[in-house]
Amino acid sequence: MTAAGLASRRHGRPARALAVALAIAALGGGALARAAAAAPADLLIPKEGRLANGLRVLTLEDPSAAVASFQVWYAVGSRNERPGITGISHLFEHLMFKGSKNVGPEEHSRIIQGVGGVENAYTTSDVTVYWENVPPDQLELCARLEADRMSTLRLTPENLKSEREVVKEERRYRTDDQPIGRAVEEMSALAFMAHPYQWPVLGWMSDLNAITIDDVKDYYAIHYAPDKATLVVCGPVTHDAVMRLAGQYFGKLKPGRPSPPVSTVEPEQQGERRSTVHAVVQLPVVIAGYKIPADSSSDAPALEVVSRILSQGESSRLYRKLVYEDQSALFAGGTAAPSHDPGLFYAFAAVKPGKDRAQVEDTLFAVIERLGRDGPTESEMAKAKNQAESALVFGLETVQSRAEAVGDAALIDGDPRRASRQLEAIRAVTADDVKRVVTTYLVPDHRTVVWVVPQERSGS
Amino acid sequence: VKPALRHWSFSKPAAALAAALAPLWALALAAPAPAAAAEAKPAAREFQVPHPQSRTLANGLVVHVFENHRLPTVYYRLLVRAGSANESAEKAGLAALTAAAMRQGTQSLSAQEVSEKIDNVGGELSVSAERDYSLAEAQARTSDADLALTLLAEMVVHPALAPAEVARMRSQTQASIRQSRDDPGTVADEHLAALIHGPHPYARPTDGDEQSVGGLTVEDVTTFHATYWRPNNAVLAVAGDVSADQVFAAVEKAFGDWQQGEIPPNPDVQSPTLTASRVRILDKPDLTQAQIRMGYVGLPRDTPDYFPVLLMNYVLGGGGFSSRLVAEVRAKAGLTYDVETSWAYGRDPGSFVLSTFTKNESVKSALDLTLGVVRRFREEGPTADELAHAKAFYLGAFPFGFETPGALAVQWLRAEYYGLGEDYFDRYRERVRAVTGADVKRVAQAYLRTEPAVFVVVGNAAEVAGQLTSFGQPETLAFTAPTGAIPEVSQTVPEAIAPDTPESRQQAAALVEKAVRAHGGLAAFRAVRDWATRGAVSLVMGDQSLDGQTAEYAQMPGRRRMEMTVMGRSMVQVVDGDRAWAAEDGQAHDLGRDQVEAMRVGSYGNIVRLFLALSDSAADLRYAGPHAFAGRPTEEVEWVRPGGKPARVYFDAGTGQLVGLEQPEVSPGGAGWVPVQRVFGDYRQVSGIRLPRKSASATILYPYRVTVYAGGTKAVETTLSDVQLNTGVATALFRRPGS
């Protein structure tokens, strides 16, 4: 869902024991989780509408659901930032909870929880998403609260000051004190020379210190407006009812100032780039990022098949070779991280104690190369397609994941109906497509390699 | 990644909401439903948790089926009533390794064949161990329901547990434990649990530690599986797009040949009672932010105070932005990104844990602020508003815990496991509603406190240690140090029985004096400055023994270095006053206070230290009468030590020489404090001592052979080849490498 997979949640803490594996999994979570679309794929076809002020409304009617998900997707993420204010999209996400005209600081969360709802928000390089999961009769409350903070947010120096510190703690927690977090940051910085995907969603520490109240107000005026937002609702509710709510609460809001286009195009990479992060780390980890096209590209489904063949399940190629047969890696995988602009396909492995780093890296790349050279087997193609279909069906279980699939399709791929067509597209992928995308994109010249290795100790 | 569950499968009840909801789907609790507003109106159509159709197979396996045809999916969840809490300390990690190995092939399919089959249909198959129970899970689309069930049954009933696969999973687990040191939060949680639970199995991580896992054998795994994975110890829940009748028939076929077994009772061990706060720092100098934990022993899952505690915790630190802690420490002070309190429940009392993190320099201010909020809440209890809000949350959020059939199945299994009653979910909301402000205030005063408590901080010790002294005297260990959970005396050690009379004391002193004389005289012992010994050591493990070399270097009064090389692995343990470190194959780590204490007690196994201690005029010695020890007539002296169990010293009835020592010590096998007996023999004269005033030399009669019995079983035998006294042992030997 994001170039660097750096979805940064406001108060979700990543599962602990697997901090590292999880950071890695997050790289590709979007690809695998979003998965396919198929027969039940029709359940992902939204009803669409738009208000005069530009607010787009997507509804997934699900009469069988006992709960509902209400989500506001803003087309702004770290790709819309510039040096000097990196991290402002995510910092802004925090400020959205500090109160608006009719709602006190942190009241938003308290009100939603007070009706038995849960809510949160996250920021990626491409989007900022605010969501509430509530009893179905509380959708109006969500609309009222979201419209209030879209239009009357209380942006004060005091709020900025305290929330800036919270975000800095978040950065220390997720990046500075997590070796893999630092490696992922290094990867983006090295892989992208020109495009904004080069900086972290959490922003550089010096920028977090430097962002001013004027920067924040500017950001609000441009990006937080109905014409930049998409409302996605899933639950036992009709599209007409959602449109009425939208009109009632968002209808009066004015469009925002024009958003400066993100026009920078990353130049083609001409050769492998490498970097090493020295850290106090128990196991060395290698991460490779290959340049791949945007998720809206017609090659995206084939790359998803590649992800599954390499990574999904214990019979996948990388697990079988590096973890099971060689027993040289604690974990290994390869997965695309879908993004709005051309992004990265990640391959990674953690080297077990006493195993040879260089050999693990060689094997990791050799497995990928072999897939390009010999292509997948027939049964691997069938397996990947079954996995995609299964992922789609299981992804339909919760209202939140349904809404997210459609939000992703609408904002990352530019077509809300793509969620429902994904499985069909994956079914159409051929073995030759797999060979072609591997040999086109997953090649050494388009690769950036970052190693995290244990710091040399001084003394014995 | 389980797509359907990804938003709800928090493995740690951490973040604000995840924590508040943990009761709902992570732990065995369930949750509430309609909201504040909804409560005011008559709840239009209140969500009801479906009850299963149930049947018990002939072999005792209970099967529940929840039909749900919303989507073409099926979930199988099988709970076995044994987890890491059923392991002994020395086998820590066994339940988890058994689970991991079960997934790696059955008697008819190799590991890769099993994976191929489940992957081919896009299904999932897994086994895992928790503290109290283990879970085997499978899920697939309805079209593949039979395949998933067959694989699950084969895996559960007929796992291969092949040596190569067990070895693979052992190495995998060890690497994973090693890597978990990179997450400061994990390190903090594990040390906190160790210090809170002491001898109780909840002290240990489910995966075990690298060393304990390294010692687990195929036989251990096979035995654990054969003992606990039995149909009469298991419950299967099937949920989704299935018909109950077909499921019962299919399960009968798949699990019908599973044989019953006799299930051993759960271990009966208590978590300790704290008398004073303990503060431990895990030093990781590269950290910019300190992970902070405070906690103590909590409540069992079946506590009658569950609902008042649930609501109390939401208001205090479990309710995200609705909690007082987040409001004060995060939203107002900006000192952290997250602060929360949680109650981990188990079949035995679990723990209360407060966790947060902050930049190094604000550790004290964050802790002071946090604990102040806890104290104030304990005094005040919740406001009416806070309580109403907490209730509204749990009532309204109730259905979220059951959104997928898989979540429903697991919730049901857990509620049943913890004996919460079949009507538990039906009555959940009514119980939430019934809680009063007085109830919450009562449980706050009964269960909340800020001392004595365990404090654990993972951070840069140089920057944080000085900020922690107001909570207790901090001990500092390397962040890679083992948690050092040493079980308390696990077998009965008799209390002092000798008469506390002047006669008894005189007789004891006389016996000691006679022994000291027989071994060379007190002047000779007092003149010992250092010693170095070398020899062979034999470690007895079950019915085999491992042979190796050992050496000891010591300086009086407080330095001691033990070396041992067995099977190509070298181990070193050093005590230097009140600090200690250990190294294995050159990797050094600090030892905690508990280990230092254990090593101090163990040092009396040396005749020089023992005789000097017994000869101290303050030693409380009592004569316990004649006693046969190690097959010889001996005189027994009880040595009563402040705050400890008595030691018993046995002297030869004729010669007066030292024959044996019995005292509680930490067993070499890792079973914790057990009665340890040492039998001394092969006495030889050792010279090298010059007496200070008489300018004469002296000799000591030194035991060249020591046999150690732990918990009644022979554990170690040392046969020395060389003993040197006062040769000038180098101080460098006691210095920790890298420091």
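What counts and what doesn't
- Residues numbered from 1 in each chain as written.
- Chains lettered and ligands numbered in written order.
- Predicted model: local features only at pLDDT ≥ 70, side-chain atom pairs only at ≥ 80, totals over all residues.
- Heavy atoms only, no water.
- Helix = DSSP H or I, 4+ residues; strand = E, 2+ residues; numbered from the N terminus.
- Rg over C-alpha atoms; globule rule 2.2 N^0.38 Å.
- Buried < 20%, exposed > 50% of the residue type's maximum accessible area, 1.4 Å probe, protein only.
- Contact = heavy atoms within 4.5 Å.
- Areas by Shrake-Rupley, 256 points an atom, 1.4 Å probe, with all protein chains shown as cover.
- Lys, Arg positive; Asp, Glu negative; His and termini not counted.
- Charge placed at Lys NZ, Arg CZ, Asp CG, Glu CD.
- Arc of directions from axis to C-beta.
- Pairing = 2+ DSSP bridges.
- Axes fitted to C-alpha atoms, helices over the stretch in contact; angles between N-to-C directions.
- Salt bridge = Lys/Arg side-chain N within 4 Å of Asp/Glu carboxyl O.
- Polar contact = N/O pair within 3.5 Å; in protein donor to acceptor, adjacent residues only side chain to side chain.
- Core = buried A, V, L, I, M, F, W, Y, C linked by side-chain atoms within 4.5 Å.
- Parallel < 35°, antiparallel > 145°, perpendicular 65-115°, else oblique.
- Nonpolar A, V, L, I, M, F, W, Y, C, P; charged D, E, K, R; others polar.
- Buried area = accessible area lost by both parts, 1.4 Å probe.
- pLDDT = per-residue confidence, 0-100.
- Phe/Tyr/Trp six-rings, centres within 6.5 Å; stacked < 30°, edge-to-face > 60°.
- Lys NZ or Arg CZ within 6 Å of the ring centre and 35° of its normal.
- Left-handed = near helix turned anticlockwise from the far one by under 90°.

**Section: the overall build of chain B**
Logical step 1: Secondary structure assignment for chain B yields 22 helices and 25 strands.
Logical step 2: For chain B, whose C-alpha radius of gyration is 30 Å, the value lies close to the compact-globule estimate of 27 Å for 739 residues.
Logical step 3: Taken over the C-alpha atoms alone, chain B extends approximately 100 × 60 × 50 Å along its principal axes.
Logical step 4: Counting only residues that meet the buried cut, chain B has 59% of its 739 residues in that class.
Logical step 5: Taking contacts inside chain B between residues at least 6 apart in sequence as the whole, the part at least 24 apart equals 73%.
Logical step 6: Accessible surface for chain B amounts to roughly 27,700 Å². Of this, 51% is attributable to carbon and sulfur atoms.
Logical step 7: Distance between charge centroids for chain B: 5 Å, based on 72 positive and 83 negative side chains.

**What about the overall build of chain A?**
Logical step 1: For chain A, the helix and strand inventory stands at 16 helices and twelve strands.
Logical step 2: Here the C-alpha atoms of chain A give a radius of gyration of 22 Å, agreeing with the 23 Å that 2.2 N^0.38 yields for 460 residues.
Logical step 3: With the principal axes as the frame, chain A shows a C-alpha extent of 60 × 55 × 40 Å.
Logical step 4: Scored against the burial criterion, the 460 residues of chain A give a buried share of 68%.
Logical step 5: Here the contacts in chain A between residues at least 6 apart in sequence split such that 83% fall between residues at least 24 apart.
Logical step 6: Working note: accessible area of chain A is about 14,800 Å², and carbon and sulfur atoms make up 52% of it.
Logical step 7: Side-chain charges of chain A comprise 52 positive and 58 negative groups, with the mean position of each set lying 2 Å from the other.

**Some thoughts on helix α16 (residues 431-441) of chain A**
Residues and elements named next belong to chain A.
Logical step 1: Val-434, Val-437, Val-438 and Tyr-441 are the residues of α16 that are buried. Looking straight down α16, one finds that the buried residues subtend no more than 100° of arc, so they occupy a single side.
Logical step 2: In this structure, the buried side of α16 is in contact with β9 (285-292), α10 (300-311), α12 (357-374) and α13 (378-395).

**Some details on the sheet that holds strand β2 (residues 62-67) of chain B**
Residues and elements named next belong to chain B.
Logical step 1: Strands sit in the order β1-β2-β6-β3-β5-β4 across an open sheet of six strands; the sheet is mixed. Each of the sheet's edge strands pairs with one partner strand only, and the pair in question is β1 (53-56) and β4 (124-129). Each strand of the sheet is rotated relative to its neighbour by a mean of 15°, with strand direction disregarded.
Logical step 2: Running at roughly 20° to strand β3 (residues 73-80), helix α15 (residues 405-417) makes contact with β2, β3, β5 (134-141) and β6 (234-240) of the sheet.

**What about the pattern of salt bridges?**
Residues and elements named next belong to chain A.
Logical step 1: For the structure shown, the criterion picks out 71 salt bridges over all chains.
Logical step 2: The shortest N-O distance in the salt bridge between Asp-341 and Arg-79 comes to 2.9 Å. Of the two residues, Asp-341 is situated in the loop between β10 (329-336) and β11 (343-351) and Arg-79 in the loop between β4 (68-74) and α2 (88-95); the sequence distance between them amounts to 262 residues. No difference in accessibility class separates Asp-341 from Arg-79, as the two residues are buried.

**Description of the side chain of Asp-183 of chain B**
Logical step 1: If you trace the backbone, Asp-183 of chain B turns up in the loop between α6 (163-180) and α7 (184-197).
Logical step 2: Using a relative accessible area of 8% as the deciding quantity, one classes Asp-183 of chain B as buried.
Logical step 3: Here Gln-178 of chain A takes part through its side chain, which lies 3.1 Å from a polar atom of the side chain of Asp-183 of chain B.

**What about the nonpolar core?**
Logical step 1: In terms of nonpolar packing, the biggest core is built from 101 residues, with Met-312, Leu-448 and Leu-468 of chain B touching the most fellow members.
Logical step 2: Excluding its chain neighbours within four sequence positions, the residues that come into contact with Leu-448 of chain B are Tyr-296, Met-312, Leu-316, Trp-343, Phe-352, Phe-377, Arg-378 and Val-443 of chain B.
Logical step 3: Counting 95 residues, the second-largest nonpolar core is a separate cluster that includes Ala-347 and Ala-388 of chain A together with Val-166 and Val-251 of chain B.

**Digging into the sheet that holds strand β9 (residues 339-344) of chain B**
All names here are of chain B.
Logical step 1: Read across the sheet, six strands follow the order β9-β10-β8-β11-β7-β12 without closing on themselves; strand pairing throughout is mixed. Of all the strands in the sheet, just β9 and β12 (474-478) have a single pairing partner and so form its edges. Strand after strand, the sheet turns through a mean of 20° between neighbouring axes, direction not considered.
Logical step 2: Two elements, strand β7 (residues 278-283) and strand β11 (residues 454-459), share six bridges in a ladder whose sense is parallel.

**A look at the packing of α13 of chain A against helix α4 (residues 111-120) of chain B**
Logical step 1: Where α13 of chain A meets α4 of chain B, the axes come as close as 8 Å, and the angle between the chain directions of the two elements is 55°. Compared by their axis directions, α13 of chain A and α4 of chain B come out oblique. Seen from α13 of chain A, the contacting residues are Lys-383, Asn-386 and Gln-387 of chain A; seen from α4 of chain B, they are Glu-116, Asp-119 and Asn-120 of chain B.
Logical step 2: Classifying every residue of the contact of α13 of chain A with α4 of chain B gives no nonpolar, three polar and three charged.

**A few points about the interface of chain A and chain B**
Logical step 1: Facing the 88 residues of chain A at the interface are 95 residues of chain B.
Logical step 2: Summed over both sides, the interface of chain A with chain B buries roughly 7,800 Å², with 54% coming from carbon and sulfur.
Logical step 3: The interface formed by chain A and chain B includes six salt bridges.
Logical step 4: Taking the shortest distance from any N to any O, the salt bridge between Asp-62 of chain A and Arg-70 of chain B comes out at 2.7 Å.
Logical step 5: Between the two partners, chain A and chain B, sit 40 residue pairs in polar contact (both at pLDDT 80 or more).
Logical step 6: For the side of chain A that touches chain B, the element with the most residues is helix α5 (residues 157-176) of chain A, which contributes ten residues.
Logical step 7: Here the side of chain A that touches chain B is built from residues that sort into 33 nonpolar, 27 polar and 28 charged.

**A word on the confidence of the model for chain A**
Logical step 1: Looking at chain A as a whole, the pLDDT averages 89, with 90% of positions reaching at least 70.
Logical step 2: In this model residues 1-38 of chain A is a low-confidence stretch, pLDDT under 50, and it forms 161 contacts with partners more than four residues away in sequence or in other chains.

**What to know about the pairing of β11 of chain B**
Residues and elements named next belong to chain B.
Logical step 1: Across the six residues that make up β11, a large majority, six, are buried.
Logical step 2: By the alternation rule, side chains of β11 split into Val-454, Val-456 and Val-458 and Phe-455, Val-457 and Gly-459, which are all buried.
Logical step 3: Of the strand pairs in this sheet, strand β8 (residues 289-297) and β11 are connected by five bridges, and their pairing is antiparallel. Bridge pairing in β11 links Gly-295 to Val-454.

**Description of unusual backbone geometry**
Logical step 1: Along the chain, Glu-451 of chain B connects to Pro-452 of chain B via a cis peptide bond; the corresponding omega equals -5°.
Logical step 2: Tracing the backbone through its elements, the reader meets Pro-452 of chain B in the loop between α17 (437-447) and β11.
Logical step 3: Note the cis peptide between Met-556 of chain B and Pro-557 of chain B, where omega equals 0°.
Logical step 4: Inspection of the secondary structure puts Pro-557 of chain B in the loop between β14 (544-555) and β15 (559-566).
Logical step 5: Here Gln-327 of chain A, not a glycine, exhibits a phi torsion of approximately 50°, which is positive.
Logical step 6: One can find Gln-327 of chain A in the loop between α11 (317-325) and β10.
Logical step 7: The phi dihedral of Asn-726 of chain B falls on the positive side, at around 55°, and the residue is not glycine.
Logical step 8: Along the chain, Asn-726 of chain B turns up in the segment after β25 (713-725).
Logical step 9: Overall, the relative accessible area of 12% leaves Asn-726 of chain B in the buried class.

**Here we look at the environment of Leu-97 of chain B**
All names here are of chain B.
Logical step 1: The topology assignment puts Leu-97 in helix α3 (residues 94-102).
Logical step 2: Considered as a pair, Leu-97 and Thr-550 are 453 residues apart in the sequence and their alpha carbons are 32 Å apart.
Logical step 3: Residues within four places of Leu-97 in sequence aside, it is in contact with Val-166, Met-169, Arg-170, Thr-173, Leu-216 and Val-221.

**Topic: the packing of aromatic side chains**
Logical step 1: If you walk through the whole model with that rule in mind, you get 42 aromatic pairs over all chains.
Logical step 2: Residues Tyr-173 of chain A and Tyr-337 of chain B carry aromatic rings whose centres are separated by 6.5 Å and whose planes lie at 35° to one another, so their mutual orientation is tilted. Here Tyr-337 of chain B lies in the loop between α12 (324-332) and β9 and Tyr-173 of chain A lies in helix α5, a pairing that spans two chains. Here Tyr-173 of chain A and Tyr-337 of chain B have matching classes, each one buried.
Logical step 3: A centroid spacing of 5.4 Å and a plane angle of 85° characterise the contact between Phe-394 of chain A and Tyr-75 of chain B, whose relative ring orientation is edge-to-face. Of this pair, Phe-394 of chain A sits in helix α13 while Tyr-75 of chain B is found in strand β3, placing the two residues in two different chains.
Logical step 4: The exposure class of Phe-394 of chain A is buried, given its relative accessible area of 3%.
Logical step 5: Owing to a relative accessible area of 0%, Tyr-75 of chain B belongs among the buried residues under this scheme.
Logical step 6: Counting every residue linked through ring pairs, the aromatic cluster contains Phe-47, Phe-66, Tyr-306, Phe-307, Tyr-345, Phe-398, Phe-402, Trp-412, Tyr-424, Phe-425 and Tyr-428 of chain B.
Logical step 7: The aromatic ring of Trp-639 of chain B is capped on one face by Arg-641 of chain B, whose charged end is 4.7 Å from the ring centroid.

**A closer look at the packing of helix α5 (residues 145-157) of chain B against helix α10 (residues 244-255) of chain B**
Residues and elements named next belong to chain B.
Logical step 1: Two elements in contact, α5 and α10, have axes whose closest approach is 9 Å; the angle formed by their N-to-C orientations is 35°. Every pair of crossing elements has a handedness; the one defined by α5 and α10 is right-handed. Note on element contacts: α10 touches α5 through Ala-250, Val-251, Ala-254 and Phe-255, opposite Leu-149, Leu-152, Ala-153, Val-156 and Val-157.
Logical step 2: Grouping the constituent residues of the contact of α5 with α10 by class yields nine nonpolar, no polar and no charged.

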